[in-house]
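Descriptive structure summary
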Amino acid sequence: MMQRSLYISPEKCTGCLQCEMACSFEHEGNFNPAKSRIKVFTFHTEGRFVPYTCTQCAEAWCKSACPTEAISLDAATGAKMVNDNLCVGCKVCTIACPFGTINYNTATGKVMKCDLCGGDPACAKACPTQAITYIDAEGTGYDKMRAWASRTDNQTAAQA
């Protein structure tokens with residue numbers, strides 16, 4: 001079975017935050033963007049929005065850094081999953097993640113990160129502009145993020 005992952009097209013994002021709302025509702029049972037595993041970064045001066053969440057790295061630094069082995073691979077989805085029973089809330093994984101996509105939940109004392117909703121991501125279903133889609137994993141990942149980031153840096157520099 002082909003692995004799938006989230007693909008983010010920032011140029012399509014309108015900043016509506018439907019992804020954050022859908023994620024928090026899926027995982028927490030209420031509409032609270034602070035509890036979302038996906039965030040929308042706002043570039044106020046440029047009027048742009050960029051959704052970001054865990055890229056489910058093949059070589060997951062969060063998983064390697066966890067001293068209690070609370071982060072494991074879900075073989076079916078490829079998601080790196082946090083086992084709340086093993087997580088002690090030390091936050092070492094939050095430091096290890098180069099993208100800052102693991103967050104600490106003060107209510108539970110545990111970390112939270114994207115788990116791809118078991119293979120049916122609520123954020124992608126809720127996105128009205130298809131800025132977030134769930135596609136074959138070959139079309140996503142670290143190299144794609146770096147390529148997009150370099151285009152963004154070049155566009156920002158050109159406007160200055």
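Residues numbered from 1 in each chain as written. Predicted model: local features only at pLDDT ≥ 70, side-chain atom pairs only at ≥ 80, totals over all residues. Heavy atoms only, no water.

**Brief notes about the overall build of the chain**
The following threshold applies: Each helix is a run of H or I in the DSSP string that is no shorter than four residues. Each strand is a run of E no shorter than two, and both are numbered from the N terminus. In this analysis, two residues are considered to be in contact whenever any of their non-hydrogen atoms come within 4.5 Å of each other. Only the protein chains shown count as cover for residues, and all accessible areas are computed by the Shrake-Rupley method using a 1.4 Å probe.
Of regular secondary structure, the chain possesses 5 helices and 8 strands. From first element to last, N terminus to C terminus, the chain shows the α and β order β-α-β-β-α-β-β-α-β-β-α-β-α. Considering only residue pairs separated by 6 or more positions, the chain has 57% of its internal contacts joining residues 24 or more positions apart. In the form shown here, the chain has an accessible surface area of approximately 9100 Å², with 53% of it arising from carbon and sulfur atoms.

**Comments concerning helix H1 (residues 18-28)**
Selection rule: Each residue is placed in one exposure class: buried if its accessible area under a 1.4 Å probe, protein chains only, is under 20% of its type's maximum, exposed if it is over 50%, and partly exposed if it falls in between.
Cys19, Glu20, Ala22, Cys23 and Ser24 are the residues of H1 that are buried. On the buried face of H1, the contacting elements are strand E2 (39-43), helix H4 (122-126) and strand E8 (132-136). With its phi angle positive at about 80°, glycine 29 sits one or two positions after the end of H1.

**Looking at the packing of aromatic side chains**
Here is the rule we go by: Between 30 and 60 degrees the pair is tilted, below 30 it is stacked and above 60 it is edge-to-face, where a pair is any two Phe, Tyr or Trp rings, Trp via its six-membered ring, whose centres lie within 6.5 Å.
Summed over the entire model, instances satisfying the criterion amount to 2 aromatic pairs. Ring centres 4.8 Å apart and planes at 70° place the aromatic pair phenylalanine 41 and phenylalanine 43 in the edge-to-face group. Taking the relative accessible area as the measure of exposure, phenylalanine 43 reaches 25% and is therefore partly exposed.

**A word on the pattern of salt bridges**
Definition in use: Any Lys or Arg side-chain nitrogen found within 4 Å of a carboxyl oxygen on Asp or Glu counts as a salt bridge.
What the rule picks out here adds up to 2 salt bridges. A salt bridge links arginine 37 to glutamate 28; the shortest N-O distance between them is 3.2 Å. Classification of arginine 37 as buried rests on a relative accessible area of 12%. Here glutamate 28 falls in the partly exposed class, since its relative accessible area comes to 29%. In this structure, lysine 125 and aspartate 120 form a salt bridge, with 3.1 Å as the shortest nitrogen-oxygen distance. A relative accessible area of 56% places lysine 125 in the exposed class.

**As for the confidence of the model for the chain**
Heads up, the rule is: Confidence per residue, as judged by the predictor, is encoded in pLDDT with a range of 0 to 100.
With 84% of its residues at a pLDDT of 70 or more, the chain has an overall mean of 89. Confidence, expressed as mean pLDDT per element, reaches its minimum in the chain at helix H5 (residues 142-159) with 58 and its maximum at H4 with 98.

**Points about the environment of glutamate 28**
Defined as follows: Within 3.5 Å is the distance limit for a polar contact, defined as a pair of N or O atoms, with the added protein rule that one can donate a hydrogen and the other accept it, and that residues adjacent in sequence qualify only through two side-chain atoms.
Of note, glutamate 28 is situated in helix H1. Reaching out from glutamate 28, the side chain makes a polar contact with the side chain of arginine 37 at a distance of 3.2 Å.

**Concerning the pairing of E2**
Every regular strand shows the same layout, with side chains that alternate between the two sheet faces. Under the convention used in this document: At least two DSSP bridges between two strands are needed for those strands to be called paired.
Judged from the 5 bridges that link them, E2 and strand E3 (residues 48-52) form a sheet pairing that is antiparallel. Across the sheet, residue phenylalanine 43 finds its bridge partner in E3, namely arginine 48.

**Notes on the nonpolar core**
The condition is simple: The nonpolar core is taken to be a set of buried Ala, Val, Leu, Ile, Met, Phe, Trp, Tyr and Cys residues, with the residues joined through side-chain atoms within 4.5 Å.
Ranked by internal contacts, the top residues of the largest apolar core, which has 16 residues, are Leu6, Cys19, Ile38, Leu116, Cys123 and Ile132. If sequence neighbours within four positions are ignored, cysteine 19 has contacts with Ser36, Ile38, Val40, Cys123 and Ile132.

**Brief notes about the side chain of asparagine 105**
Looking at where asparagine 105 falls in the secondary structure, it is placed in strand E6 (residues 103-105). Setting aside its immediate chain neighbours within four residues, asparagine 105 contacts Glu28, Lys35, Lys110 and Met112.

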